[in-house]
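# Secondary and tertiary structure notes
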Amino acid sequence: MADLDNKDQTEMDPADMEDVEEVEEEETGEDNSKARQLTRQMMQNPQILAALQERLDGLVGSPSGYMESLPKVVKRRVNALKNLQVKCAHIEAKFYEEVHELERKYAALYQPLFDKRSEIVRAAYEPTDEECEWKQDEEEELTVSKQEEMKEKAKVEEEKKDEEKEDPKGIPEFWLTVFKNVDLLSEMLQEHDEPILKHLQDIKVKFSDAGQPMSFALEFHFEPNDFFTNTVLTKSYKMRSEPDESDPFSFDGPEIMGCTGCTIDWTKGKNVTLKTIKKKQKHKGRGTVRTVTKTVPNDSFFNFFSPPEADFEIGHFIRERIVPRAVLYFTGEAIEDDDDDYDEEGEEADDEEGDEEADEENDPDYEPKKDANPPEECKQQ
């Protein structure tokens, strides 16, 4: 009889088992939903995110424990491999030194073309019809209707030009437009900088002479203007292409070690890197108020020539991208190429977010949060 009682307690009707399973599944789904909701809330907490980031930063470069577990004889061989890696770093340094020599060589070949570009921009040379002929790629060819529209627009423009007393010279505001088209540079521009940069006629890159320490200089050539008497403003960068003895494995090519700006000889009252402010001061004892005039630093692109601690990225970008491809940044074509690279990553991220959102919407226990608050240069020597 006792065995029968035990049997009754351990065995259940199949229908009853189905009910139990359903209840367990519902409870598990509810738990998962609560866990997901709790995780979302935690990840929206800035303090928790900061603590996680600090923890992750502390793990970077820390040993995994695997090396410590290796036999002594194996560690000895690994040390031999690391010594070989140091020698590789020194060979790589020599490679970059030769690359720099090639840059110097080809800079001399590019320069006549850049000089002609400058002449066209500042109206010192008028290109021939043959030089102005540009054959569009098949992808760039316009439709017939678009061509007709462009012809009509060109006709109107020509009529306007006939009414004007004189045609524009060269390519007005060429370099200013380049700067405004590039986010890295436009962030430095202020409204009071623009009238000055309209006088910028050319930017040149000068490499160090053969046998000299690796370096380069940026030269900004200006036409005579009312703002300063300099015709050329310079920014020089010193580079190093050798592994750091204390950390040879960090070597990843030449690095900028420091830079030097120049003194701008501003016309009186035209220095846009300074501004005058007036402050009222109240005397503690007598209670009288006086107005004090102070001169303080002002945001300006021209602070670039009195370099702060880190503008290496800007100098490198001007040297590597802006000077060689200026016309493509003027037209915006180089910007489109850069944007295409970033768009691909963005689309992937969007797809991932979309998948995540779809998963949440398909989850019967998902409850969208109703009150979701979105989370709110180079040392002068």
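Residues numbered from 1 in each chain as written. Predicted model: local features only at pLDDT ≥ 70, side-chain atom pairs only at ≥ 80, totals over all residues. Heavy atoms only, no water.

## Some words on the overall build of the protein chain
Helices and strands together make up the secondary structure of the protein chain, namely 13 helices and six strands. In the protein chain, which comprises 381 residues, the share counted as buried stands at 22%. Working note: accessible area of the protein chain is about 28,800 Å², and carbon and sulfur atoms make up 49% of it. (Helix = DSSP H or I, 4+ residues; strand = E, 2+ residues; numbered from the N terminus. Buried < 20%, exposed > 50% of the residue type's maximum accessible area, 1.4 Å probe, protein only. Areas by Shrake-Rupley, 256 points an atom, 1.4 Å probe, with all protein chains shown as cover.)

## A word on the sheet that holds strand β1 (residues 200-207)
Here four strands make up an open sheet; going across it, the order is β1-β2-β3-β4 and the pairing antiparallel. Where the open sheet ends on each side, the last strands, each with one partner, are β1 and β4 (255-260). Geometrically, the sheet is characterised by an average inter-axis angle of 20 degrees between neighbouring strands, direction not taken into account. Judged from the five bridges that link them, strand β3 (residues 232-240) and β4 form a sheet pairing that is antiparallel. (Pairing = 2+ DSSP bridges. Axes fitted to C-alpha atoms, helices over the stretch in contact; angles between N-to-C directions.)

## A short note on helix α5 (residues 72-121)
Spanning 50 residues, α5 covers 68 Å between terminal C-alpha atoms, matching the ideal 74 Å at 1.5 Å per step. The inward-facing, buried residues of α5 abut α8 (174-181), β1, β2 (215-222) and α12 (326-331). Following α5 by one or two positions, Ala123 adopts a phi angle in the positive range, close to 65 degrees. (Expected span 1.5 Å × (residues − 1). Contact = heavy atoms within 4.5 Å.)

## Comments concerning the packing of aromatic side chains
The final tally for this structure, using the stated rule, is 21 aromatic pairs. Where Phe220 meets Phe304, the ring centres are 5.9 Å apart and the plane angle is 70 degrees; that geometry is what we call edge-to-face. With Phe220 in strand β2 and Phe304 in the loop between β6 (289-297) and α11 (312-322), the pair connects residues that are 84 residues apart, well separated along the chain. Both residues of the pair, Phe220 and Phe304, count as buried. Residues Phe317 and Tyr329 carry aromatic rings whose centres are separated by 6.2 Å and whose planes lie at 70 degrees to one another, so their mutual orientation is edge-to-face. With a gap of twelve residues between them, Phe317 in helix α11 and Tyr329 in helix α12 connect regions that are remote in the sequence. Given the relative accessible area of 0%, Tyr329 is considered buried. (Phe/Tyr/Trp six-rings, centres within 6.5 Å; stacked < 30°, edge-to-face > 60°.)

## Regarding the confidence of the model for the protein chain
One rule of thumb: low pLDDT means the predicted coordinates there are not for detailed reading. Averaged over all residues, the pLDDT of the protein chain is 78; the fraction at 70 or higher stands at 69%. Confidence scores differ between elements of the protein chain, with helix α1 (residues 2-10) showing the lowest mean pLDDT of 45 and helix α10 (residues 194-197) the highest of 97. Predicted confidence is poor over residues 1-12, with pLDDT under 50, and the contacts of this stretch with residues over four places away or in other chains come to two contacts. Low pLDDT (under 50) marks residues 14-27, which in the prediction has two contacts with non-local residues, meaning those over four places away or in another chain. (pLDDT = per-residue confidence, 0-100.)

## A short note on the pattern of salt bridges
Any two side chains of opposite charge can pair, so long as their charged atoms come close to each other. Throughout the structure, instances matching the rule amount to nine salt bridges. Of the charged contacts, one joins Glu103 and Arg319 as a salt bridge, the two residues approaching to 2.7 Å between their closest N and O atoms. In this pair, Glu103 sits in helix α5 while Arg319 sits in helix α11, placing the two residues 216 residues apart along the sequence. Between Glu255 and Arg240 there is a salt bridge; the shortest N-O distance is 2.8 Å. Taken together, the residues Glu255 in strand β4 and Arg240 in strand β3 connect sequence positions 15 residues apart. A single network of salt bridges, built from pairs that share partners, joins Glu103, Arg319 and Glu320. (Salt bridge = Lys/Arg side-chain N within 4 Å of Asp/Glu carboxyl O.)

## Considerations on the environment of His90
You can see His90 is positioned in helix α5. Taking the relative accessible area as the measure of exposure, His90 reaches 33% and is therefore partly exposed. Spatially, the C-alpha atoms of His90 and Phe251 are 9.0 Å apart, while their sequence positions differ by 161 residues. Once you skip the residues sitting within four places of it in the chain, His90 turns out to touch Pro243 and Glu245.

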